[in-house]
Amino acid sequence: MLIAASPVPLTFPGGRDLIGILPELVLGGAFLLLMLLDLVIPASRRSWLAGFALLGIAATFGVTIWAWFDANPGRLVYSGSFAYDRFALFVDAILLVSAGLVVMISPNYLNRRGIHYGEYYALILAATLGMMLLAGATSLMVIFLAIELLSLALYVLSGFSRHEERSQEAALKYLLLGGFASGFLLFGMALIYGETGHTQLAQIAAAIQGQTTLTVDPLLLAGVLLLFIGFAFKISAAPFHSWTPDVYQGAPTSVTTFMSVTTKVAAFAALVRVFTYTFDGGGTHFYQHWEPVVALVAITSMVVGNIAALTQTSVKRMLAYSGIAQAGYILIGVAVGPVLLPSGQTSSFGTIGVLYYLAAYAVTNIGAFAVITIMAGRGEDLDSYDGLRGLAHRRPFVAASMALFLFSLGGFPPTAGFFGKFLVFTAAINAGQVPLALWGIATSAVSAFYYLRVGLLMYQRPAEGAEEYRWSRTGFSGSAVLVATTAGTLILGVMIVLVYTAATASLKGLIV
Amino acid sequence: MLSGYAPILFFFGICAAFAVLAQFLNAALGPKRPSPTKDLPYESGIVPRESARRRFSVSFYVTAMLFIIFDVESIFLFPWATIVRELKVFGIVEMGIFIATLLVGLLYVWRKGALRWD
């Protein structure tokens, strides 16, 4: 039993605490306002809600940028349960940009599908709020509440096309399996609390470091692993991925765009904070006890995701399996952990890899899903591979940007995905975990096949007399999103310094 | 280290044994005098007039759910009321924001027609 020193006294929250959650407060206010606006804005003017949502996201983004300069050095607020640091703000920025891009492609798509309800935008903001809270949470309770907030919003969103059986099935599956995963998460938290006597990460870390015996407390380790299962479900890592293809395919495509990216980003942020920086065990060897499990899940995800993606004939399912594989690659960065260098300092190269990969994955995956969302025809989803056949001959620019996103997902230079993979593989090799890097490289080679297959389909000429898919117009907002994601994919692939510097700076300020 | 949990394991064992035992004891010891009245569903002492298996209006469900939400949230007012003097203005503002948030929810369900009964 390792009960650490006395807990931090609960202090009365003051103005400094409020500033610490200012971005979240602004977004929360925008969410409430949006709920009220939905009541007064007539149904024919629903697109205005998208504008207001975008305004709220932009305001939050502005506050986040201001906070980035203010939070140097960062601090813990609310008696140590939330971190106001650059790490959280860096993740917040990725989340807000992703949410903004999704809101931009949504009105046209929802109108075509006939499911344009005002709650959509409020739910997107609520989910984003939960994710931002998750990125900064430094207490097990806040982590759980944040995960529930984002999950509840996503359960509703995935069943948003409520007259469609597939969408309802997706929502029910996600709800049931999500509730199951929450159970794992809570049980793990209970065990960790039982063994350390604390819910706050800083004190849990101190309790683990204060461990004097050589054997590891089995209940604490069980708690840590159960917590990992809960997170692995949220990032859709194999073997906790079974919900992913069905939910991604059944949910409206704009929702899939949103949750495929943002859930992973937020959950990985929490995973880094909890595992790499709390459960590392400082000078002790606690890290070695959970690292093999994370590495095994990483390898399983890469193998299962990439092999299963080979046989898909639906673009959404293919991208779902690709997302499972990508979760495996990012997990490498978590598995290598904080490496103790000979100089006695710890290298956070793996975590920088995680952050870079997340930023790269966000722009690329949103771009790829945005193409499917924007091109979707009236009343149906663009889902089958046949739907993309010959796209390059009718919409050369859309096809070219889709090809770029596929290259980036496959990890070809000079795109964002290349440097993401490069950084995590390098981190693995530096940490002496060459097998992890080798598995990553081998499965990347496999993945090239199915990404290129879709790419080639777009550049094929449709067969004579074959019925062509009736693509929608790109529209102004759709074009803007495609331009932004294309530019992001290229910028992250060419000017690696930009985000790399920001990621490094954000890690310097990380507090637990 | 684990031995501290031995009493809990022991307790689990007793619980399981008691549950199994109670099943048999009940069947063995209880008197059995069946009558048609005993097979009727319990309706608070009143003789049931029709089958209980019929459709209910979904409004019951929505109203019950909304009631629970507001009921649970109003519970927060009680601990707050005991220390409102210590919290001073901050506490009042904080609770004002909390209630305003609830009010947005109430406005929402009202305008969406969830409170209408037909």
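Residues numbered from 1 in each chain as written. Chains lettered and ligands numbered in written order. Predicted model: local features only at pLDDT ≥ 70, side-chain atom pairs only at ≥ 80, totals over all residues.

Our next topic: the overall build of chain A. Each helix and strand in chain A was counted, giving 20 helices and four strands. Taken along its principal axes, the extent of the C-alpha atoms in chain A is 75 × 55 × 40 Å. Relative to its full complement of 512 residues, chain A shows a buried share of 58%. For chain A, the proportion of contacts with a sequence separation of at least 24, taken over those separated by at least 6, is 81%. (Helix = DSSP H or I, 4+ residues; strand = E, 2+ residues; numbered from the N terminus. Buried ≥ 20, exposed ≤ 12 C-beta atoms within 10 Å, placed from the backbone. Contact = placed C-beta atoms within 7 Å.)

Here we come to the overall build of chain B. Counting its secondary structure elements, chain B contains four helices and zero strands. Going residue by residue from the N terminus, the α and β elements of chain B occur as α-α-α-α. A compact globule built from 118 residues should have a C-alpha radius of gyration of about 13 Å, whereas chain B, at 26 Å, is more than 25% larger. Dimensions along the principal axes, computed over C-alpha positions, put chain B at roughly 65 × 60 × 25 Å. Considering chain B as a whole, with its 118 residues, one finds that 0% of them fall into the buried category. (Rg over C-alpha atoms; globule rule 2.2 N^0.38 Å.)

Residue and element names in this part refer to chain A. Running from N to C, helix α16 (residues 396–410) and helix α18 (residues 434–459) point in directions that differ by 175 degrees, and their axes come no closer than 9 Å. Considering their axes alone, α16 and α18 lie roughly antiparallel with respect to each other. Of α18, the residues touching α16 (which contributes A399, M402, A403, L406, L409 and G410) are S447, A448, Y451, V454, G455 and M458. Of the residues contributing to the contact of α16 with α18, the split by class is nine nonpolar, three polar and no charged. (Axes fitted to C-alpha atoms, helices over the stretch in contact; angles between N-to-C directions. Parallel < 35°, antiparallel > 145°, perpendicular 65-115°, else oblique. Nonpolar A, V, L, I, M, F, W, Y, C, P; charged D, E, K, R; others polar.)

So, about the confidence of the model for chain B. Residue and element names in this part refer to chain B. Of all residues in chain B, 98% attain a pLDDT of 70 or more, and the chain-wide mean is 85. Mean pLDDT in chain B bottoms out at helix α2 (residues 58–75), which sits at 85, and peaks at helix α1 (residues 6–29), which reaches 91. Interface predicted TM-score (ipTM) for the complex: 0.78; the corresponding pTM is 0.89. (pLDDT = per-residue confidence, 0-100.)

This part covers the interface of chain B and chain A. Each side of the interface is counted separately: chain B has six residues, and chain A has six residues. Split by residue class, the side of chain B that touches chain A holds four nonpolar, one polar and one charged.

All right, on to the packing of helix α2 (residues 22–40) of chain A against helix α5 (residues 119–136) of chain A then. Residue and element names in this part refer to chain A. Running from N to C, α2 and α5 cross one another at 165 degrees; their axes reach a closest spacing of 9 Å. By the angle class used here, α2 and α5 are roughly antiparallel. Considering the relative orientation of α2 and α5, their crossing is left-handed. Residue-level inspection shows P23, E24, L27, G28, A30, F31, L34, M35 and D38 of α2 in contact with α5, the latter providing E119, Y121, A122, L125, A126, T128, L129, M132 and L133. Tallied by class, residues from the contact of α2 with α5 come to 13 nonpolar, two polar and three charged. (Left-handed = near helix turned anticlockwise from the far one by under 90°.)

With that settled, consider the nonpolar core. Residues and elements named next belong to chain A. Counting 190 residues, the largest nonpolar core has I124, L125, L134, A266, A270 and L358 as its most contacted members. Among the elements that take part in this core, helix α14 (residues 349–375) stands out by supplying 20 residues, more than any other. Residue contacts for L125: discarding those within four places in its chain leaves L27, A30, F31, L34, A53 and G56. (Core = buried A, V, L, I, M, F, W, Y, C linked by C-beta atoms within 7 Å.)

The next thing to look at is the confidence of the model for chain A. Of the residues in chain A, 94% reach a pLDDT of 70 or more, and the chain-wide mean stands at 90. When the criterion is pLDDT under 50, residues 1–5 of chain A qualifies, and its contacts beyond four places in sequence or with other chains add up to 16 contacts.

So, on to α18(A). Residue and element names in this part refer to chain A. Given a rise of 1.5 Å per residue, 26 residues ought to cover 38 Å, and the 38 Å separating the end C-alpha atoms of α18 matches this to within 8%. Within α18, the full set of buried residues consists of L436, A437, W439, G440, T443, S444, S447, Y450, Y451, G455 and M458. Summarising the contacts, the buried residues of α18 are in contact with α12 (287–310), α13 (315–335), α15 (391–394), α16 and α17 (416–430). (Expected span 1.5 Å × (residues − 1).)

For the rest of this paragraph, the subject is the environment of A:D17. Residue and element names in this part refer to chain A. As for its position among the elements, D17 is in helix α1 (residues 15–20). We classify D17 as partly exposed; it has 18 C-beta atoms within 10 Å. Taking the C-alpha atoms as reference points, D17 and F82, separated by 65 residues in sequence, lie 9.1 Å from one another. Every residue in contact with D17, bar those within four places of it in the chain, is listed here: V77 and Y78.

Bringing unusual backbone geometry into the picture now. Across the junction of A:N72 and A:P73, the peptide omega takes the value 5 degrees, indicating a cis bond. Look at the link from A:P413 to A:P414: it is a cis peptide, with omega at 0 degrees. Checked against the element boundaries, A:P414 lands in the loop between α16 and α17. One non-glycine residue with positive phi stands out, namely A:Y78, at about 50 degrees. Secondary-structure assignment places A:Y78 in the loop between β1 (75–77) and β2 (82–84). The backbone of B:K88 sits at a positive phi, close to 55 degrees, despite the residue not being glycine.

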